[in-house]
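# Residue-level structural notes
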Amino acid sequence: MSEIKRRTRTGCLTCRARRVKCDEQKPACNRCVNANVECAGYAPKRRIDVRPPGQRQRASQSRSHGPPSFRAASSPAADAAACAAPPPPLPRPQFRHDGLPLVGLPSNPRLSTRPCAAAREVLAYHQVFFRTLPMLFPANHLWFWRDRLCDEAWCIEYAQRGLLALGCMHRAALMTSMFGEYDQARGLDTKVIGVQEYTQALQELSSHIREAQKSPGTLSAVMILMAYFECFASNIPAAYGHVRAAKYYYTKYVRSYPPHCTNPTMEALETALQTLSWTCYMAVPLPGMLLTDNGEGYRSSMIDDEKPLSLRFLETLVDYGIHSEIWSTAPTQQEPSALLKNVYRFQKELRQWLEYHVEDYPYLETDTTALANLEADGECHYPIPPSPFLALSSELCFTGALYNFIMARVSWTLCLYDKSQDAKKLESEAYMYFYQAMRFAATYAMNTSKTLPNTTYSTNTFVTSEELDRSFLPMLYIIGQCSPRPSWLRWIAQLMKQIGEQGLFNGFVLSASLQVFHKMEQSHNLLSTDGIERYPSPALRIISTLIPETNAQGFVCFYAKPSRFNSGWANRDVPLYYPVAQARFSTELDDDNAAKREIEMYDEQRSMEEQFTSGWILGRPVASGWKSRFGEVGFDLDHVLHDHINGGRLLPMV
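The protein carries the name Zn(2)-C6 fungal-type domain-containing protein in an unreviewed UniProt entry, which gives Trichoderma citrinoviride as its organism.

So this is what it looks like as structure tokens:
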């Protein structure tokens, strides 16, 4: 019987494909070498995974509980691969309750790697689309900012670069707010990428500015995005310049339509511009620096439900012409009788509005118990630290604080300028509203943190670095100057340092300025004692004005003391103040995490020869520099780059 020949299956892959006998030489067989063909090598040896019976049973149960599609596709090779030792776990991104990642996507696949250029753009676009734009703009305007603008950006290079830069800067702000050994380095790396995208967007816009000006609506929107980019970077001059340019192009866009004609795009741009204008004004509280109009358009602001309630409050201040008196402690420029008329009209409308809407906004209801105590003895004793409310969202905390702050400043203004009223009662009423605002701030501080939590993250909660246009710092700064007791001021100063940088507002600088303010009260208190337990009445208080430098390198604060005649006013309509000192605060911190400062006391005789008025403040070099910038219009690459470079800092203050 002849021997049966069996086909070998151990030859090289090339010989097996050619169906010829292989001599199985390695690394290349002689048959392939002689035939001058490439030897494809040999198939890998099969590996049989031998497991104890118990492990086989658990693996079988695991496969039986898997998805049906996975079970249908299973094979011995797949089973063996599935049972192999798992690779080291990759870092997982934090997720919100709706399942979307907190910062878009993980920063890096692995801590030892860095995303390539294309991956960075994907991360930035995902961030700006899913998190940044919904955070910055009202939900009813996302059709413009997220859908339409992102659609137009596909074919507009400077718009696309602007979106990517904003997404990178937002990611960087979140990363630097997180714990972790590598978070700071990754945040710095992401911020550098964002700056690169931003400068490319500026250069692209400058190269095509004439073509861009043909679409002023889109150009205004991109300027708004760039302003928010600089808000994330805490760059006041650069943000202010972008808002000014955005308003200029928005005005051109509006004029391209018939008078009194509006459309949804106008409403989206106008709301964003008004929000940013107020943010810049609170950062630079000088007369005439509010980048918004005071016209008939504000008359319906309190009943305009399309806009955030906090913005409606601020617009109504402009409508009645008292925004400077609310946001500055400097003497008023208005004639007292006209000022009082406007203040009383505003106070009446605000109270009527709240009475009508109290069911919709119960957290704004006045503390009736405190009012009853005030009527009984004219004095309320408030515990420090203030007790927080029940858990409220960041938006509700900000709105509640703003309402009470405005009501407090109204009572404070009446106490200063209305001689016919009971000054003591108005003063106590102001303290009650100030304290309510502090309680909302305490609630915000309790519910938020400077660092991202390690657990699931709510879509309705923002970290401190994201509060660009809902900052408590400017309110707290004025409340600190109007505090009845040093204990209030000390608590506010500590909270400011805890908040740190919040958009254009620097809590470290504001805290340091309040500490100098307290020293001025001790030195120039007309009722001076060795230890101040309670500050004097409003007319006898020190006042101050803090102004950022136009080169973004520091802040200058001017302090003024009241005249001795303020207690009786000496038949005057307004109180008098005299400048006594100025202090410069840098953006650098000392060993105690306090902003570095330089204090200059004025000569006593010289200070008594000059009155501390709005005109005097505007005559200071730091203020006159801002006034000269107010008249600039349009986009100018040299000015933008100058502001960006001067105010640029890679790392935030910590």
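Structure shown, so let's carry the discussion forward.
### Focus: the pairing of strand β6 (residues 595-601)
Two strands pair when backbone bridges link them, and strand β5 (residues 577-589) and β6 are joined in this way by 6 bridges, in the antiparallel orientation. Directly across from Ala-583, in β6, lies its bridge partner Ile-599. Counted along the chain from β5 to the antiparallel partner β6, the turn is 5 residues long, and its residue Asn-593 has a positive phi close to 60 degrees.

### Re the UniProt feature "domain: Zn(2)-C6 fungal-type" (unreviewed entry) in the protein
Using the residue numbers shown here, the UniProt feature "domain: Zn(2)-C6 fungal-type" (unreviewed entry) corresponds to residues 11-39. Secondary structure over residues 11-39 splits into 38% helix and 0% strand, and the C-alpha atoms at its two ends are 11 Å apart.

### Focus on empty space enclosed by the protein
In total, this model carries 3 cavities of 30 Å³ or more according to the counting rule given. In this structure, the largest cavity occupies an estimated 300 Å³ of space. If one sorts the elements of the lining of the largest cavity by residue count, strand β3 (residues 543-548) sits on top with 5 residues. Here the residues of the lining of the largest cavity are counted per class, giving 16 nonpolar, 6 polar and no charged.

### Some remarks on the pattern of salt bridges
Oppositely charged side chains can pair when the atoms bearing their charge come close. With the rule as written, the count across this model stands at 15 salt bridges. As a salt-bridge pair, Lys-307 and Glu-315 come within 3.3 Å of each other at their nearest N and O atoms. Taken individually, Lys-307 and Glu-315 each receive the classification buried, so the pair is uniform in this respect. The salt bridge involving Arg-584 is made with Glu-549; its shortest N-O contact spans 2.8 Å. Within this pair, whereas Arg-584 is found in strand β5, its partner Glu-549 is found in the loop between β3 and β4 (554-562), the two being separated by 35 residues in sequence. On the basis of relative accessible area, Glu-549 is assigned to the buried category, the value being 14%.

### Some words on the sheet that holds β3
Strand order in the open sheet formed by 4 strands is β3-β4-β5-β6, with antiparallel pairing between adjacent strands. One side of each edge strand has no neighbouring strand; the edge strands of this open sheet are β3 and β6. Along the sheet, successive strands turn relative to each other by an average axial angle of 20 degrees, direction set aside. Sheet analysis places β3 next to β4, joined by 6 bridges and oriented antiparallel. When the bridges of β4 are listed, Pro-548 appears paired with Phe-555.

Procedures and definitions
Residues numbered from 1 in each chain as written. Predicted model: local features only at pLDDT ≥ 70, side-chain atom pairs only at ≥ 80, totals over all residues. Heavy atoms only, no water. Pairing = 2+ DSSP bridges. Helix = DSSP H or I, 4+ residues; strand = E, 2+ residues; numbered from the N terminus. UniProt positions renumbered as here; feature names shortened; annotations may be inferred. 1 Å grid on protein atoms, 1.4 Å probe; cavity = no way out; pocket = protein on both sides within 12 Å on 5 of 7 lines; lining within 4 Å. Points joined across faces, edges and corners; volume = space filled by probe spheres on them. Nonpolar A, V, L, I, M, F, W, Y, C, P; charged D, E, K, R; others polar. Salt bridge = Lys/Arg side-chain N within 4 Å of Asp/Glu carboxyl O. Buried < 20%, exposed > 50% of the residue type's maximum accessible area, 1.4 Å probe, protein only. Axes fitted to C-alpha atoms, helices over the stretch in contact; angles between N-to-C directions.

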